[in-house]
Amino acid sequence: MIKSKILPIFRSRAFRLTALMVLVVTLIWMGAQQQRARRYQEISLHLLPEDQEALVYEEKIMEILHEEQLLPATRSMDEIRLDAIETTLARHPFCRSTEAYWDIEGNLHIDFQQRQPLLRVIDMSNRQYYLDESLRVMPLSERFTARVPIVSGYIDEEIPPDGILRSPAGKRIRAWARQMQQHNFFYVVSNQIRIEKDGALVLISALGGHRFVLGDTTRWNDKLLKLKVFYREILPRKGWSRY
């Protein structure tokens, strides 16, 4: 009688499904343990985006990881802390974001997303730095000089810890950088931007060397619309020699 009661339990669909799930979870856990006990094969560092020139040497990044003892000599996957690698590299001045992960073959991959220079600033003390796509200050690169518009003139501001320029000149620079992000046209035509003593922003064009006094940011959209009309409609009709 006991046997006849037990057999239906083992034959029930619910029991079979439960047993199958337990088996699958066990196999996954065992596979993960074996994977962690293995030694990693290769380390691949990916400087992104791929179409951007590298601002930092790969050797420098690997040197940082070794100095922080994040790549043990044992090459044991169990000793690699992916979160520590990401946290360490996130502090790099050229890093926008980073991700470390394993592939199925036991190779370690590190994606290093670089910040993208938008403007190069030269202040009155001849300090030079970039403004990146988030409109924050970033240092120059010893590896590569980005070909971006230059901002110079009456700029005298200590760089704050968060990298956000807040002086009147700094706000104008950031405002112009924002326009460049939103309208690629201004990125193409602007070669140099100068901040005058009275704070006025002067655009020196890459096309013909024209100077456009944009002043402050009041009626900003009207001024930039007129600039677009000048290049797209007036110049083609009246010719470069007139200006």
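Predicted model only: the values in this text are computed from it and were never measured.

Participant: Explanation requested: the overall build of the protein chain in the structure shown.
Facilitator: Helices and strands together make up the secondary structure of the protein chain, namely seven helices and ten strands. Within the protein chain, the proportion of its 243 residues that are buried is 40%. Long-range contacts, defined here as pairs at least 24 residues apart, represent 53% of the contacts in the protein chain between residues at least 6 apart. Carbon and sulfur atoms form 53% of the exposed surface of the protein chain, whose accessible area is close to 15,200 Å².

Participant: What should I look at first to understand the sheet that holds strand β1 (residues 43-48) in this one?
Facilitator: What links the strands of a sheet is backbone hydrogen bonding, and the strands pair in either a parallel or an antiparallel sense. Strand order in the open sheet made by the three strands is β1-β3-β2, with mixed pairing throughout. At either margin of the open sheet sits one strand with a lone partner, and together these are β1 and β2 (95-102). With strand direction ignored, the average angle separating the axes of adjacent strands in the sheet is 15 degrees. For β2 and strand β3 (residues 108-114), the ladder comprises seven bridges, and the chain directions are antiparallel. Residue pairing for β3: C95 is matched across the bridge by Q114. Those strands touched by helix α3 (residues 58-67) are β1 and β3, and its axis lies near 125 degrees from that of β1. In the packing of helix α4 (residues 82-90) onto the sheet, contacts are made with β2 and β3, and the angle to β2 comes to roughly 165 degrees.

Participant: I tried to follow the nonpolar core on my own but got confused; where do I start?
Facilitator: As a rule of thumb, nonpolar side chains are buried together in soluble globular proteins. Formed by 30 residues in total, the largest nonpolar core has its most connected members in L119, V151, W176, L214 and Y231. Broken down by secondary-structure element, the contributors of at least two residues to this core are β4 (117-122), β5 (128-132), α5 (168-182), α6 (184-189), β8 (190-195), β9 (201-205), β10 (211-215) and α7 (220-238). Top contributing element to this core by residue count: α7, with six residues. Once residues within four sequence positions are removed from consideration, V151 is found in contact with L119, R120, V121, I122, I173, I193 and I195. In this structure, L45, L71, C95 and A146 belong to the second largest nonpolar core, which totals 25 residues.

Participant: Looking at this structure, I do not really get the side chain of Q52. What am I missing?
Facilitator: Here Q52 lies in the loop between β1 and α3. Take Q52: its relative accessible area is 16%, and that puts it in the buried class. Sequence-distant contacts of Q52, defined by excluding residues within four places in its chain, comprise Q114, R115, Q116 and P117.

Participant: Looking at this model, I keep getting lost on the environment of P72. Mind explaining?
Facilitator: By the secondary structure assignment, P72 is in the loop between α3 and α4. Filtering out sequence-adjacent residues up to four positions away, P72 remains in contact with Y40, E79 and I80.

Participant: Would you explain α4 in this entry?
Facilitator: The periodicity of an α-helix, 3.6 residues per turn, causes residues three or four positions apart to be oriented the same way. Taken residue by residue, α4 has A84, I85, T88 and L89 as its buried positions. Burial along α4 is one-sided: seen end-on, the buried residues are contained in an arc of 125 degrees. For α4, the elements touching its buried residues are α3, β2 and β3.

Here is what the cut-offs are and how they apply
- Residues numbered from 1 in each chain as written.
- Predicted model: local features only at pLDDT ≥ 70, side-chain atom pairs only at ≥ 80, totals over all residues.
- Heavy atoms only, no water.
- Helix = DSSP H or I, 4+ residues; strand = E, 2+ residues; numbered from the N terminus.
- Buried < 20%, exposed > 50% of the residue type's maximum accessible area, 1.4 Å probe, protein only.
- Contact = heavy atoms within 4.5 Å.
- Areas by Shrake-Rupley, 256 points an atom, 1.4 Å probe, with all protein chains shown as cover.
- Pairing = 2+ DSSP bridges.
- Axes fitted to C-alpha atoms, helices over the stretch in contact; angles between N-to-C directions.
- Core = buried A, V, L, I, M, F, W, Y, C linked by side-chain atoms within 4.5 Å.
- Arc of directions from axis to C-beta.

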